[in-house]
There are 2 protein chains.
Amino acid sequence: MKQHFADRLAAACKAKKNSLCVGLDPRWDLLPLDLRRRHQTGTLDGVAAAFEEFCLRVLDVVAGLVPVVKPQSAFFEACGPSGMLALQRVVEKARRLGLIVIVDSKRNDIATTATAYAEAVLGGVSVDGVRLPVWPGDAMTINPYLGRDAVEPFLTCARRDRGGVFVLVRTSNPGAGLFQDLRVASAGGSSKPLYQMVGESVAAWSEENLGECGFGDVGAVVGATHPDELPQLRRLLPRVPFLVPGYGAQGGSAADTAAAFRADGLGAIVNSSRGITASFTPEEKDWPAAVTAATTRAIKELKSATPMGNL
Amino acid sequence: MKQHFADRLAAACKAKKNSLCVGLDPRWDLLPLDLRRRHQTGTLDGVAAAFEEFCLRVLDVVAGLVPVVKPQSAFFEACGPSGMLALQRVVEKARRLGLIVIVDSKRNDIATTATAYAEAVLGGVSVDGVRLPVWPGDAMTINPYLGRDAVEPFLTCARRDRGGVFVLVRTSNPGAGLFQDLRVASAGGSSKPLYQMVGESVAAWSEENLGECGFGDVGAVVGATHPDELPQLRRLLPRVPFLVPGYGAQGGSAADTAAAFRADGLGAIVNSSRGITASFTPEEKDWPAAVTAATTRAIKELKSATPMGNL
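Here we summarise the structure given alongside this text. (Residues numbered from 1 in each chain as written. Chains lettered and ligands numbered in written order. Predicted model: local features only at pLDDT ≥ 70, side-chain atom pairs only at ≥ 80, totals over all residues. Heavy atoms only, no water.)

### Observations regarding the relation of the copies chain A and chain B
The second copy of the chain is related to the first by a rotation about an axis and a shift along the axis.
No. 1: Taken as rigid bodies, chain A and chain B are interconverted by a rotation of 180 degrees and an axial shift of 0.0 Å, the fit giving an RMSD of 0.0 Å. One copy is carried onto the other by what is essentially a two-fold rotation axis. (Least-squares fit on C-alpha atoms with pLDDT ≥ 70 in both.)

Rendered as structure tokens:
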């Protein structure tokens, strides 16, 4: 039987001695020129084929270096059905290479609809009593706005499949505060920001199913672009694994992510997307070497500036 | 040039003399038995083909009766790439039949990622300077939790394409209140629920671009299962079109939706999914007749209990 998600994640981070997550957010304009030329048919199928080839090659490069990858569903979806097929192949190859795969799709809905989204990533969809994989990740991102019974189907599917869920808590975009920062009245006349209330629900869900490493299977997405909030959230949610976007291209520094970790270096995954997959000019022939160098550089930087160095 | 989204929606509702939206949420277990048998291959491709055939036939039945349909992305996605192809064909056929199509996918992300989600539905994705349609709806549902700059790319794409966006404000599920009902501190020491704050942002976005009918191109999803909140939201957001789920199978009555409308019958679309597309037993041979009857019945019920009767 598969190990608990948090333990699998911890083992993968220990094996690679880092917890960098490579975000696979393919963008046509940022692809190597050679690769673009071979797929330049003026069709979405051509774009999807280019995305697939690029991501599969990135996987070959980073699989030996990092424990986790995070394909961004939006860019594949924007290529239509052939893009979704490319996403499927990228997820499958990453799993075959032993990587932990977080499908970043920020899904949300209610009841059986949420179950449909959840099963597609976590555990597969049942046809004639047989579960068939669709986009078979280890975990997925979800949006909490719809509340308790909208989150629960994702937890149910994750637990049946020994997978994980990362709930948006504090996102890394400049305008995140419009709702996330609203002050919510709490007991005793005090108040706290909405994202903290969401974080507390995430903590309660995560505590329901802790792994041996001490972390639960429900994580929180907490942007590195709010460095003052990370230490506070880590204190409030000691057993919640954090997925930290915003490092690198979005402006967060390695040191900004330090507070996301437990002292032993577990408990946080730091994502870098463009910082790695767009670390070269399109003209660059040996772009895989640039991807290797950018990955190694990010790992080194994070290990020296955060508890990741203790892994 | 295309008309403003709210004016197109109003014209469609006036032409059909109702504002019922048929939700296309195909579920294998609820499909007609005959249809299932013909596609029973034990594969996701078989399920996708069954969903497609079923939805296309439903479209033929309802296109003359209602102004709007709302395919639910989750059920198509759960069939993998072939499901996404089915979704594409369903959206395309609905548009060809002159229906307004709301793609219900509750998408959300930041910056260029949000743009990728938005363009796929609203206006198409640019390849070599040519915009290619992906799932070419008239509008889509989005989740507001990520804030201002996460919503804006959807508005930009909607406005370029003269389409619309429906933002989740108050959802119809029993557990919706976990975050949506939190009391948020507002000016003057008073407080109001989070969903109202979200609603006020939606109103501000919608006012930026009003149609001749007086409604904007940014709508709000407001469940019929909270009938006491509908009149209050309609008062607070007089120019925001409402998409009202929860009528029928989810427990909301026709009368519960009445407050969503402006006195002339415009301003609200009431959705029914299972109440129409699962209005027959799987053994029923003439299930299209049952769909016609259920649609006609729902329209009659809504017209007698709400201002929809004034259309």
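### A short note on unusual backbone geometry
No. 1: Even without being glycine, D128 of chain A reaches a positive phi, approximately 50 degrees.
No. 2: Along the chain, D128 of chain A falls in the loop between β4 (125-127) and β5 (130-132). (Helix = DSSP H or I, 4+ residues; strand = E, 2+ residues; numbered from the N terminus.)

### Here's the deal with the packing of aromatic side chains
No. 1: Tallied over the full model, the rule gives 10 aromatic pairs over all chains.
No. 2: With a centroid separation of 6.1 Å and an interplanar angle of 80 degrees, the aromatic rings of F5 of chain A and F166 of chain A are classed as edge-to-face. Remark: F166 of chain A occurs in strand β7 (residues 164-170) and F5 of chain A occurs in helix α1 (residues 5-16); sequence separation between them is 161 residues. The two residues F5 of chain A and F166 of chain A agree in class, both being buried.
No. 3: Look at F51 of chain B and F76 of chain B: their rings are 6.4 Å apart centre to centre, the planes differ by 80 degrees, and that puts the pair in the edge-to-face class. Placement of F51 of chain B in helix α3 (residues 44-62) and of F76 of chain B in helix α4 (residues 73-77) is noted, with a sequence separation of 25 residues between them. Like F51 of chain B, the residue F76 of chain B is buried in the burial classification. (Phe/Tyr/Trp six-rings, centres within 6.5 Å; stacked < 30°, edge-to-face > 60°. Buried < 20%, exposed > 50% of the residue type's maximum accessible area, 1.4 Å probe, protein only.)

### Overview of the interface of chain A and chain B
No. 1: Listed by partner, the interface residues are 67 residues for chain A and 67 residues for chain B.
No. 2: Linking chain A with chain B are 4 salt bridges.
No. 3: R107 of chain B is paired through a salt bridge with E77 of chain A; the nearest N and O atoms lie 2.8 Å apart.
No. 4: Along the contact surface separating chain A from chain B lie 30 residue pairs in polar contact (both at pLDDT 80 or more).
No. 5: It is helix α9 (residues 194-207) of chain A that contributes the most residues to the side of chain A that touches chain B, 6 residues altogether.
No. 6: Looking at the side of chain A that touches chain B residue by residue, the classes come out as 37 nonpolar, 20 polar and 10 charged. (Contact = heavy atoms within 4.5 Å. Salt bridge = Lys/Arg side-chain N within 4 Å of Asp/Glu carboxyl O. Polar contact = N/O pair within 3.5 Å; in protein donor to acceptor, adjacent residues only side chain to side chain. Nonpolar A, V, L, I, M, F, W, Y, C, P; charged D, E, K, R; others polar.)

### A closer look at the sheet that holds strand β7 (residues 164-170) of chain B
Residues and elements named next belong to chain B.
No. 1: Strand order in the closed barrel formed by 8 strands is β1-β2-β3-β6-β7-β10-β11-β12, and the pairing between neighbours is parallel. If you compare each strand with its neighbour and ignore which way they point, the axes differ by 30 degrees on average.
No. 2: Both β7 and strand β10 (residues 218-222) contribute to a ladder of 5 bridges, which runs parallel. Along β10, the bridge assignment pairs L168 with V221.
No. 3: Lying over the sheet, α3 contacts β1 (20-24) and β2 (68-71), oriented at roughly 165 degrees with respect to β1.
No. 4: Of the strands in this sheet, β1, β2 and β3 (100-107) are in contact with helix α5 (residues 81-96), which crosses β3 at around 145 degrees. (Pairing = 2+ DSSP bridges. Axes fitted to C-alpha atoms, helices over the stretch in contact; angles between N-to-C directions.)

### Re the pairing of β7 of chain B
Residue and element names in this part refer to chain B.
No. 1: Buried residues dominate β7, accounting for 7 of its 7 residues.
No. 2: Looking at chain direction, strand β6 (residues 139-142) and β7 are connected through 4 bridges and run parallel. Bridge pairing in β7 links A139 to G164.
No. 3: The parallel pair β6 and β7 is bridged by helix α7 (residues 148-160), and the resulting crossover is right-handed. (Right-handed = clockwise from strand over helix to strand, strands pointing away.)

### With respect to the packing of α3 of chain B against α5 of chain B
Residues and elements named next belong to chain B.
No. 1: Their axes nearest at 8 Å, the elements α3 and α5 cross at an angle of 10 degrees. Classified by the angle their axes make, α3 and α5 are roughly parallel. Between α3 and α5, the residues in contact are L44, D45, A48, E52, C55, L56, L59 and D60 and S82, G83, A86, R89, V90, K93 and A94, respectively. (Parallel < 35°, antiparallel > 145°, perpendicular 65-115°, else oblique.)

### Looking at the sheet that holds strand β3 (residues 100-107) of chain A
Adjacent strands of a sheet form backbone hydrogen bonds with each other and so pair up, either parallel or antiparallel.
All names here are of chain A.
No. 1: Strand order in the closed barrel formed by 8 strands is β1-β2-β3-β6-β7-β10-β11-β12, and the pairing between neighbours is parallel. If you compare each strand with its neighbour and ignore which way they point, the axes differ by 30 degrees on average.
No. 2: Bridge count between strand β10 (residues 218-222) and strand β11 (residues 242-244): 2 bridges; the pairing is parallel. Residue V221 lies in a different strand from β11, and its bridge partner there is L243.
No. 3: Sitting on the sheet, helix α10 (residues 229-236) touches β7, β10 and β11, and the angle it makes with β11 is about 165 degrees.

### Details of the side chain of T113 of chain B
No. 1: With respect to the helices and strands, T113 of chain B occurs in helix α6 (residues 111-121).
No. 2: Apart from residues no more than four positions distant in its own chain, T113 of chain B is found in contact with Q72, A74 and F75 of chain A.

### Quick look at the nonpolar core
No. 1: If you look at the biggest cluster of nonpolar residues, it comprises 234 residues, and the most contacted ones within it are F242 of chain A together with F242 of chain B.
No. 2: Filtering out sequence-adjacent residues up to four positions away, F242 of chain A remains in contact with F166, A220, V222, L230, L233, R234, L237, A260, G267, A268 and I269 of chain A. (Core = buried A, V, L, I, M, F, W, Y, C linked by side-chain atoms within 4.5 Å.)

### Here's the deal with the pattern of salt bridges
No. 1: Enumeration over the complete set of coordinates arrives at 46 salt bridges over all chains.
No. 2: We note a salt bridge from R262 of chain A to D264 of chain A, for which the minimum N-O separation is 2.8 Å.
No. 3: One network of salt bridges, with partners in common, ties together K70, D104 and K106 of chain A together with D109 of chain B.

### Observations concerning the state of the cysteines
All names here are of chain A.
No. 1: In the structure shown here, the tally under the stated rule is 0 disulfides over all chains.
No. 2: Free cysteine C13: the closest other cysteine sulfur is in C21, separated by 9.6 Å.
No. 3: Given a relative accessible area of 3%, C13 falls into the buried group.
No. 4: No disulfide involves C55; its nearest neighbouring cysteine sulfur is the one of C79, lying 10 Å away. (Disulfide = S-S within 2.5 Å.)

### A look at the pairing of β3 of chain B
The side chains of a regular strand alternate, residue by residue, between the two faces of the sheet.
All names here are of chain B.
No. 1: Burial within β3 is extensive, with 8 of its 8 residues counted as buried.
No. 2: Burial along β3 is two-sided: I100, I102, D104 and K106 facing one way and V101, V103, S105 and R107 facing the other are all buried.
No. 3: Relative to β3, β2 runs parallel, the two sharing 2 bridges. Paired with V69 across the strands is V101, a residue of β3.
No. 4: Of the pairings in the sheet, the one linking β3 to β6 comprises 3 bridges and is parallel in character. Residue pairing for β6: I102 is matched across the bridge by A139.

### Some points on the environment of P282 of chain A
Residue and element names in this part refer to chain A.
No. 1: Relative to the elements of secondary structure, P282 occurs in the loop between α11 (274-277) and α12 (287-305).
No. 2: Assessed through its relative accessible area of 23%, P282 is described here as partly exposed.
No. 3: Separated by 253 residues in the primary sequence, P282 and D29 place their C-alpha atoms 8.2 Å from one another.
No. 4: The contact partners of P282, leaving out residues within four places of it in the chain, are D29, L31, P32, L33 and R36.

### A look at helix α6 (residues 111-121) of chain A
Residue and element names in this part refer to chain A.
No. 1: With 8 of its 11 residues buried, α6 lies for the most part within the structure.
No. 2: For α6, the complete set of buried residues consists of T113, A114, A116, Y117, A118, E119, A120 and V121.
No. 3: Of the residues flanking the end of α6, it is G123, one or two places downstream, whose phi is positive at about 105 degrees.

### Let's talk about the side chain of R36 of chain A
Residues and elements named next belong to chain A.
No. 1: With respect to the helices and strands, the residue R36 is situated in helix α2 (residues 33-39).
No. 2: D29 provides the closest opposite charge to the buried, salt-bridge-free R36, at an N-O distance of 4.8 Å.
No. 3: The contact partners of R36, leaving out residues within four places of it in the chain, are W28, D29, L31 and P282. (Lys, Arg positive; Asp, Glu negative; His and termini not counted.)

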